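The lines below spell out each chain.
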Amino acid sequence: MENFSLAIHGGAGTILKSAMTDRKERRYHRALEASLKAGEKILSKGGSALDAVEAAVISMENSELFNAGKGSVFTHEGDHEMDASIMNGADRNAGAVAGVRRVKNPISLCREIMENCEHVFLIGEGAEHFAETRKLEMESKDYFSTDFRYEQLQKIRDTHQTLLDHSDHELKKFGTVGAVAKDVHGNLAAATSTGGITNKRYMRVGDTSIIGAGTYAENDICAVSSTGWGEYYIRAVAAYDVAAMMKYGDKSLDEAAHQLIHEVIPKMGGDGGLIAVDSNGKITMPFNTQGMYRGFVQSDGNSRTLIFK
Ligand code: ASP
């Protein structure tokens, strides 16, 4: 049997040790460990990379610590609009969703779209209608709302500014989530989910729901999940750019991911990070911010959760 690998992120940004209490730090580590466990349980039994990334992301969507599912940031109108996408490296099938307000686990809706819909990308009410036909769990607005996200909105609501979750220097709340995996059958998969950015308007959609920007997976190359200033990741076609550098440029996973995060994105003016795994199960997790909630587990027993540089 081949090896397996799983990497996860809970967002990159201005995450400073000085602004974190021990208790809070432990809560984040526990939440990251729970997500890794959810995915590892599947991979260690020979389950698929696709099931593992979905399970790992669901675990973080259900935690209010992260900006995805429960705990999503607020839009200007005081609502939540969630974006997510999933991709299967084996056949490059994909499912994506944007601007959903009531779906408990947007990543599971992506999976349903991928497997049970003739389309790849659904948005807003149409996506919710499809979720209902697939009997997915729906929640009311209260379920997604948390006090600290509401405070974040209040601080900037009357400005024309939007706030990247991870650039809130005062509150330092972070949290788009993602997972990438390689299973024992050699298949790769990636998944990403977010509430987007605080105070967003006009049904703004970020990179998270865009295949090739926030999420990409292709067997024999790599699987990538991004977090950061979405507008730049869209323009850089970030996740696919990592794969393309490997595929056509013969770069290693490390070299390609490093080039994107430390050269391409900052040169354009953006910031953030990504997690990626290649077809050998090698993991890379670069970021150009102060921190990134992240973790990994591999079949050789190697496992860690990390927050700071
Ligand atoms: N990339 C996400 C977006 O722009 C935000 C994040 O990663 O925190 O919607």
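Residues numbered from 1 in each chain as written. Predicted model: local features only at pLDDT ≥ 70, side-chain atom pairs only at ≥ 80, totals over all residues. Heavy atoms only, no water.

Engineer: Would you take a moment to explain a nonpolar patch on the surface for this structure?
Structural biologist: Side chains of V120, F121, I123 and V205 sit close together on the surface and give an oily, nonpolar patch of about 330 Å² of accessible area. Its location among the elements puts I123 in strand 4 (residues 121-123). (Patch = residues over 30% accessible without salt bridge, like charges linked within 9 Å, V, L, I, M, F, W, Y side chains within 5 Å. Areas by Shrake-Rupley, 256 points an atom, 1.4 Å probe, with all protein chains shown as cover. Salt bridge = Lys/Arg side-chain N within 4 Å of Asp/Glu carboxyl O. Helix = DSSP H or I, 4+ residues; strand = E, 2+ residues; numbered from the N terminus.)

Engineer: Any chance you could explain the pairing of strand 3 (residues 93-100) here in plain terms?
Structural biologist: When a strand is regular, its side chains alternate between the sheet's two faces. Across the eight residues of strand 3, seven count as buried, placing the element largely inside the fold. Inspection of the sheet shows strand 2 (residues 82-88) paired to strand 3 by six bridges, in the antiparallel sense. Bridge assignment links I86 to a residue of strand 3, and that residue is G95. Linking strand 2 back to strand 3 in an antiparallel pair, the connection comprises four residues, with R92 at a positive phi of about 55°. Judged from the three bridges that link them, strand 3 and strand 4 form a sheet pairing that is parallel. Residue pairing in the sheet places V97 in a bridge with L122 of strand 4. Handedness of the crossover joining strand 3 and strand 4 through helix 3 (residues 106-116): left-handed. (Buried < 20%, exposed > 50% of the residue type's maximum accessible area, 1.4 Å probe, protein only. Pairing = 2+ DSSP bridges. Right-handed = clockwise from strand over helix to strand, strands pointing away.)

Engineer: Help me understand the sheet that holds strand 4, please; the structure alone is not making it clear to me.
Structural biologist: Strand pairing in a sheet is mediated by backbone hydrogen bonds. Such pairs are either parallel or antiparallel. With mixed pairing, eight strands are arranged side by side in an open sheet as 4-3-2-6-5-1-11-12. Each having just a single partner strand, strand 4 and strand 12 (303-308) make up the two edges of the open sheet. Along the sheet, successive strands turn relative to each other by an average axial angle of 5°, direction set aside. (Axes fitted to C-alpha atoms, helices over the stretch in contact; angles between N-to-C directions.)

Engineer: Could you clarify how one ought to interpret the pairing of strand 11 (residues 291-298) in this entry?
Structural biologist: Burial analysis of strand 11 places eight of its eight residues in the buried class, the great majority of the element. Here strand 11 shows a buried face lined by G291, Y293, G295 and V297 and a second buried face lined by M292, R294, F296 and Q298. Across seven bridges, strand 1 (residues 5-13) lies against strand 11 in antiparallel orientation. Bridge assignment links H9 to a residue of strand 11, and that residue is R294. In textbook terms, the turn of a hairpin is the stretch between consecutive antiparallel strands, and for strand 11 and strand 12 this stretch comprises four residues, one of which, G301, has a positive phi near 95°.

Engineer: Explain the packing of helix 1 (residues 22-43) against helix 2 (residues 49-61) here, please?
Structural biologist: A pair of packed helices is captured by two measures, namely the crossing angle of their axes and the spacing between those axes. Viewed as axis vectors pointing N to C, helix 1 and helix 2 meet at an angle of 160°, and their least axial separation amounts to 8 Å. Classified by the angle between their axes, helix 1 and helix 2 sit roughly antiparallel to one another. Judged by the twist between their axes, the crossing of helix 1 over helix 2 is right-handed. Residues L32, A34, S35, A38, G39, I42 and L43 of helix 1 form the contact with helix 2, whose own contacting residues are A49, D51, A52, A55, A56, S59 and M60. Here the residues of the contact of helix 1 with helix 2 are counted per class, giving 10 nonpolar, three polar and one charged. (Parallel < 35°, antiparallel > 145°, perpendicular 65-115°, else oblique. Left-handed = near helix turned anticlockwise from the far one by under 90°. Contact = heavy atoms within 4.5 Å. Nonpolar A, V, L, I, M, F, W, Y, C, P; charged D, E, K, R; others polar.)

Engineer: Is there a simple way to explain the sheet that holds strand 9 (residues 272-278) in this structure?
Structural biologist: Read across the open sheet, the four strands follow the order 7-8-9-10; overall the sheet is antiparallel. At either margin of the open sheet sits one strand with a lone partner, and together these are strand 7 (215-218) and strand 10 (283-284). In the packing of helix 9 (residues 253-268) onto the sheet, contacts are made with strand 8 (222-228), strand 9 and strand 10, and the angle to strand 9 comes to roughly 165°.

Engineer: Is there a simple way to explain helix 4 (residues 124-133) in this structure?
Structural biologist: An α-helical turn contains 3.6 residues, so any two residues separated by three or four positions project in the same direction. Taken residue by residue, helix 4 has G124, A127, E128, F130 and A131 as its buried positions. Summarising the axial view, the buried residues of helix 4 lie within an arc of 160°, below the 170-degree limit, and thus occupy one face. Summarising the geometry of helix 4, the exposed residues directed more than 90 degrees from the buried face are E125 and H129. Tucked inside the fold, the buried residues of helix 4 contact strand 3, helix 3 and strand 4. Phi for K135, located one or two positions after helix 4, is positive at around 60°. (Arc of directions from axis to C-beta.)

Engineer: I keep staring at the site of the ligand and nothing clicks. Help me out?
Structural biologist: In the vicinity of the ligand lie 10 residues, with T176, R204, D207, T227 and G228 positioned nearest. T176 places a side-chain nitrogen or oxygen 2.9 Å from an oxygen atom of the ligand. A distance of 2.6 Å separates a nitrogen atom of the ligand from a polar atom in the side chain of D207. Expressed as a share of its isolated accessible area of 270 Å², the protein-covered part of the ligand is 100%. When grouped by side-chain class, the residues that make up the shell around the ligand number no nonpolar, eight polar and two charged. (Near = heavy atom within 4 Å. Polar contact = N/O pair within 3.5 Å; in protein donor to acceptor, adjacent residues only side chain to side chain.)

Engineer: Please clarify how the pattern of salt bridges should be interpreted in this entry.
Structural biologist: A side chain of one charge can pair with a side chain of the opposite charge when the charged atoms of the two come close. In this structure the tally under the stated criterion is 16 salt bridges. Notably, a salt bridge pairs R101 with E81, separated by 2.9 Å at the nearest N-O pair. Of the two residues, R101 is situated in the loop between strand 3 and helix 3 and E81 in the loop between helix 2 and strand 2; the sequence distance between them amounts to 20 residues. Taking the relative accessible area as the measure of exposure, E81 reaches 6% and is therefore buried. Here R102 and E128 are joined by a salt bridge, their closest N and O atoms 3.4 Å apart. Within this pair, whereas R102 is found in the loop between strand 3 and helix 3, its partner E128 is found in helix 4, the two being separated by 26 residues in sequence. With relative accessibility at 7%, the residue E128 sits in the buried group. Linked through salt bridges whose partners overlap, the residues forming this network are D51, E54, R111 and E115.

Geometric values such as these leave the question of function open.
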